[in-house]
Every structure is written in structure tokens, then in C-alpha cells.
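So you can see what is in the structure, the chains are spelled out below.
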Amino acid sequence: MSAGPERGGGALLSGESPLVVVVGSGGVGKTTLAAALGLRSARAGRDTLVMTFDPSLRLKDALGVTDEARDREVPVPVPTGQEGGDGRETGLLEASLLDPRRTFDRLVERYAPDEAARRRILENRFYRHLAGTLSGVLEYMAVERLFEVSREGRYEQIILDTPPTTQALDFLEAPARIVGFLESGALKIALRDWFDDEGHLKASTGWKFLDRKIEHLLDRVIGLEFLREMLEFFQAFGPLYDGFRERAGEVEELLKSTRTRFVLVAGPGEERIPDTLFFARKLREAGYSLGPIVVNRVHPSFPGEEGRLEDGGSRCTPDGRALFAWLGAQDRRGFEQLRSLVHAEQPLVGLPLQPEEPTDLASLDALGTELLRRLDEPDPDA
Amino acid sequence: MTERPHDTSDAAPSGTSGSGAPDPTLTRAGFFVVTGKGGVGKSAVAATLGRASARRGRRTVVVEVDPRENLHQLLGTAPSGGEILEASDLEQGLFLQHLKPRAVVDRVIEERVKVGAVVRKVQASIVYQHFVEGCPGLEELAVLEHARRLLAERRFDTVILDAPATGHGVSLLRAPLVVSEAVGEGPFGTIAREIADLVADPARCGVVIVTQAEEMPVQEARDLARMLGEHLDRRPDLLVVNGLYPPLPRGEGDAGDEAGAPDALLDLWRRRRAINRRELRRLAETWPGEMVGLPLLPIGRGTELVAALDACWSSDPYRALGSVGAKTGRSARRERRAGRPGGAK
């Protein structure tokens, strides 16, 4: 099988895909790989932004990124010099940390029609306590920031790390969900004038069942006070909706563009396979362009040690050699099984468990180089 | 302050019921929340705690809320599908229940309102649906309420909640407080406050944090412990450090001797173990509670793994922590016995 442009690691960062989205379950090393790809992109001479959520302290140190990056893109001090295939000089590398709460506040600042509306939202109890954790809001805010940055057009390459979510696709579905919500009847209902001057639910809302009896029951179950806060929040938000809807649509278009490439990062081992397959299928079904699947932190095989598998060590302190041989065999089996379950055309590579997590730009660069090299090889694990 | 069991023996003999065991999950019944970053083996630890508890004769249920059911593999049962199933292949008196949070919300509200026809009317109302959709923390709250009731109705001696993995793991534990603050007065606020009190009370609710001795999980475990202090004014009861690589044999010590023929396996082993040691030291510097280490074992996911982890836990809770060159394990216990809790806030 030849390495077509679809497979190639070079193709991933060739300028064909100005946006690369790194997705996968929590704890598989997405953020580190996103940073490594960003560094390689800059090294290849392209101005690059890495947007991340929750990098480890070590990775932040490695990138030279502080909390300042929560508010704006900050430059990563990459040593300059000639590099890259076409002899271009190292490009700009910048990093930003996505902070949903701050993005949300900025959005309110920007779109609120006047000071009174702005304050109504920012001081609303529902907003202060809950809005940041509203389902989908966190993810949506990340997408919002992505949109801002991509529209500014300052970068030739954006690498987007995605937040750890329980439902793997929450992040991608956020714009559609927000649009759906805005277009559902629920919003119109929320925007009605619900309460009369005395703080009772109005019976005149056209909802006949909303008589005093139901009001009493709702009060018993939920509490009218809270309902009022919640409705006020949605009402205060009213003037912002149109801007929201428009942008959510454009963001979805950006994510579904054939030029946007998704890299799916997976953990090693057989037990992760259903997760990985589920993720890959959902991406494809939803119409996103799935690029390579990267099985990260694969324990290397130690063929010479396999005879030791049956050796002991005591039960709770296993012999390390036997353990590593077992882990290597286990992860290899997992990889082979995954290989047999994905489409023959699906680019799939394994990255070995590193002796150390990358702690500086040099080791990140090495990791990125290794990833791209394996992507360029037709069958790197053969 | 939790009462600490009187620790008379440094080497707790295998299989004894409790005395000498340093962690509350083994010494008392009740409600325990097992939380931690995704991928650290949280479910395996929850299952292991469940087995240890059932083995001590306590009727125990492990409750799972992850949308992808997987606990049943570890406990050797069919998928629960919301039912309570006994994991008798693994241990008598050990049960499993998988929950769909939204269904629990509906049930909790049904039970509070009591009149069936009225419940249906309320639930059909758009205000209610809006509320359930839009109110963050509600599902977490309902799950905690469900667990509380399993105990209150004396159906179980011990309930172990395998909390959903999130980027921000404290959210389940914080949910009641957040909701009660946001909702304020009213009946719903009252439920939220009741549960918030439960979660904040170390005598009624144990918090077990699972982590691995690697940078990100350790960072998150420390964040979790800090947030518990800040928001709930309590500390975790137990930290389980899972998946530790075994100590190196004597002579090939952790210090890292570069001489000799290249040996990729030994090199990898030594350096991953070094990461374990470094991160254990980092944890030990500030960790306010008890720590237990569990080894990485050459056993696939299933009942055999749970049984083996349980055996390792019981044989000597601190064994797998090994000599990490820090005050974990015995030295820390000795200090605590001398009345100085390590790194309390």
C-alpha cells in the first residue's frame, strides 16, 4: 500500500488542512501531541497557534506559557533557524489556554446592547453560579474562541486540542446543540413574560395549565425563586441570541470543512478499542474529516522477554521484566485488533510509551517528528 | 476530623478484618465516593473496595454512572441496565447498579411529590423540562440522593459510588453546594442543602481519590484535595495510587546506573519507575490524608484483576508504595500517630 496524501504525516501539516483538531478520551495525551504537532508545524516554517485546555504544569513550562495565555495568544520561544523541508525559516508559534468562563464574560461584554443588559446578565445569580457549567456551554465557548482566531487569519496553521469530556463528541456537537436550542420553542417560551408584578406566575401566558395549583406544585418541586432567576437569565440573554446563532452556524461549517482534519488519539490496550471505534464512527457519521488514528503510549514489545511471561515475582510485586513483556504483548494485541477492525484505508499508527513525558521543546520536537515519521510510513508497526 | 483507627501493627496480616488497616474504607461501612481523572483505573479501584467491603460481611453495592457501562466486566456480571445485580462470581453480598442520571432525577422528584397524576402533569410541563435540561448539577444531585436512600432504607451497609470521570472531578461533590447556593430557598434548595451537608460530613460520606503516580493525574488529585478543602471544608479520606510499576531489583537501583550493555526494557522500567517515585514524593509533600498504593499487574480487566488487587491491598496497604524516599507509608503513619497530621491545611 502506498502512502497517499491522505496517510502522510507531511500532508497533515502541509497547509492542506489549516485546522487540525486533536480529539480523544481524557488522559490519552492529546494535549502533548497537539503541542508536538504545533511545534513541528512552526519548524516547517508556518505561523502556528496551539489552542489547549488543560496542559500539565510541565507542558506549560516546556512551552513557556503562563496564565497570561488565558486572555490572549502568547508566543512560544522557539529557537529560530533554517529548518523544514523547503528550507523555510521557523515560523511563529503561539499558544493559548481556553477558559470558558472568561470567554463567556467577554462575549457578554461584546454583544450586550447596553450597560444595563450587560449587568443584568453578569449579576444574575443563575449566570454566576451555573452558566459556566451549563451543559454544552463550556464546549461552545471553546469553539467560539476558535472562530474568533480563525477569522482573524493570523495563523497558517491552528492545532486545536479538545477538552476532556465524558461524552466524547460533546465538544463537536456544541454548536449544533446551541443552534437547536435557540431555534426550539423552548427559548420563545422562556422569553415570555412569565411573572406578574407580585412575583406570581402569570395565568395569562396562554398556558392554561399554569393556574395557581400548578404554580404551587412547581414551587413545591423546584422553587419559584429559582425559576425566576433562570428565566431572567434567558430573557437577559435575548438580545445576544442572533449573534450566537449566526456564529454557531459558521463554526459548524468550519469544523465540517473538508480542509479541517481530525486526529483521533487513543489509549493502548484492548479495553480501549470500543471507545476508539465508537469515536471514529461518530466522527465519520457526523461528516467530519477523520485523519489518522494515533494509539498513544503503546508499551513496546520485548520479544526476547516473552518467555518470562509465566515467571512470577510475588503476586503483588510482579517481576518487572515479565510485566513489561506482558504489557508489550497486550498493547500489541490491542493494536492489531484495532487494525483489523478499522477500514483498510484508515491511517493508524502506534506511538510507543516514552521513557519520559516531554519536558522541553527538544523532546516535544522529537515526539512530533516521530509521529510524522510514523504517519509517513506505510505500515510503521510491521 | 475523622477518627483514625488505632494502628498497632505495621504489617497488617492478610485477610484480617480491619484492625490495623489504616484506611476508613476497610474499617467502616457507609457511603463512599470514588473519584479521579479518567483512565487511572477508578472503576477497578471502586470494584476492589466493593469486594473488600463485601468480604468483611457488609452488604455492598457499587453504583456506576458512566454512560458507557464497564463495571460489570470487572465484577463478572451481565450489564446492569439499571437493575441491582449480585456479583456472586466475585463475592457474595456484592452488588452492582448502573444508573442513568436523567431517570434518577425523574424518580427522585416523583418520590418527593408523591401524587402520581400531579407528578406527570408537572413533568409534562415545559417549565419542568426546561429546568431539568438547563440546571447543571441536578443529575449529580439526583445520583447522590439515590445513593443516600439506598443506605437510609437499609438495603445496603455500604454504597460505593464510582463517580463519572470528568475534567473537573470535584463537580459531583460540589454539585449539591452549587445548586443549593444558586437555587436558594425553596424545596429543591432544601434537598440540595441536605445532600451538601451529607457530602461535607466525613462521618457520613467518605471520599476516595484515585490517581496514578504520573504528572497530570497527580496534579488533578492535588487540585481535587484542595477544592474539597476550599469548597466543602473537608479533606479526602483516602488516596489510592494505582498502576505503580514494580520496584527495581537490588543492584539495578532506582538511582539510574548508565553503565553496562544497553537494555531497553530495563531503561524503560527504571525511568517509568523514577516518574512514579518523583510523583509519589510530590504527593507526599502535601497530601492531607491516607495513601494506598496498588501495583500494575499482568492481569487483564476482569474479576481476577479485582481479586488480585484486593489481595495486594489487604496484604500490606503500603507495600506497593515501596521505598519512595519520602514520608509515605510507615514513616508518615508514625508521624501521624505522634499527633502531627502530615500537611494538614
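Treat the numbers as computed from the prediction; the structure is a model and nothing was measured. (Residues numbered from 1 in each chain as written. Chains lettered and ligands numbered in written order. Predicted model: local features only at pLDDT ≥ 70, side-chain atom pairs only at ≥ 80, totals over all residues. Heavy atoms only, no water.)

### Thoughts on the nonpolar core
Here is step 1: With 49 residues, the main nonpolar core has Phe31(B) and Val33(B) as its most contacted residues.
Here is step 2: With seven residues, helix H7 (residues 138–152) of chain B is the single largest residue contributor to this core.
Here is step 3: Contact partners of Phe31(B), with chain neighbours within four places excluded, come to Leu144(B), Ala147(B), Leu151(B), Val159(B), Leu161(B), Leu198(B), Arg204(B), Cys205(B) and Gly206(B).
Here is step 4: Counting residues in hydrophobic clusters, the runner-up holds 35 residues, among them Ala35(A), Leu37(A), Leu59(A) and Ala95(A). (Core = buried A, V, L, I, M, F, W, Y, C linked by side-chain atoms within 4.5 Å. Buried < 20%, exposed > 50% of the residue type's maximum accessible area, 1.4 Å probe, protein only. Helix = DSSP H or I, 4+ residues; strand = E, 2+ residues; numbered from the N terminus. Contact = heavy atoms within 4.5 Å.)

### A closer look at the confidence of the model for chain B
Predicted coordinates in regions of low pLDDT should not be interpreted in detail.
Here is step 1: This prediction gives chain B a mean pLDDT of 77; 70% of its residues lie at or above 70.
Here is step 2: Throughout residues 322–345 of chain B the model reports pLDDT below 50, and contacts reaching past four residues in sequence, or to other chains, amount to 45 contacts. (pLDDT = per-residue confidence, 0-100.)

### Structural notes on the sheet that holds strand E1 (residues 30–36) of chain B
Residues and elements named next belong to chain B.
Here is step 1: Reading across from one edge, E3-E4-E2-E5-E1-E6-E7-E8 is the order of the eight strands in this open sheet, with mixed pairing throughout. Of all the strands in the sheet, the pair left with one neighbour each is strand E3 (84–86) and strand E8 (290–295). Along the sheet, successive strands turn relative to each other by an average axial angle of 25 degrees, direction set aside.
Here is step 2: The sheet strands contacting helix H2 (residues 42–55) are E1, strand E2 (60–64), strand E4 (94–98), strand E5 (158–162), strand E6 (205–212), strand E7 (238–244) and E8, and the helix crosses E5 at an angle near 175 degrees.
Here is step 3: Against the sheet, helix H11 (residues 264–286) engages E6, E7 and E8, with an angle of about 175 degrees to E7. (Pairing = 2+ DSSP bridges. Axes fitted to C-alpha atoms, helices over the stretch in contact; angles between N-to-C directions.)

### Overview of the side chain of Glu215(B)
Here is step 1: Examined against the element boundaries, Glu215(B) turns out to sit in helix H10 (residues 215–232).
Here is step 2: Residue contacts for Glu215(B): discarding those within four places in its chain leaves Ser56(A), Leu57(A), Arg58(A), Glu279(B) and Arg282(B).

### Digging into unusual backbone geometry
Residue and element names in this part refer to chain B.
Here is step 1: Residues other than glycine seldom take positive phi values, yet Arg154 does so here, at roughly 60 degrees.
Here is step 2: With respect to the helices and strands, Arg154 occurs in the loop between H7 and E5.
Here is step 3: You will see that Asp233, though not glycine, has its phi angle at about 55 degrees, which is positive.
Here is step 4: Tracing the sequence through the fold places Asp233 in the loop between H10 and E7.
Here is step 5: Using a relative accessible area of 57% as the deciding quantity, one classes Asp233 as exposed.

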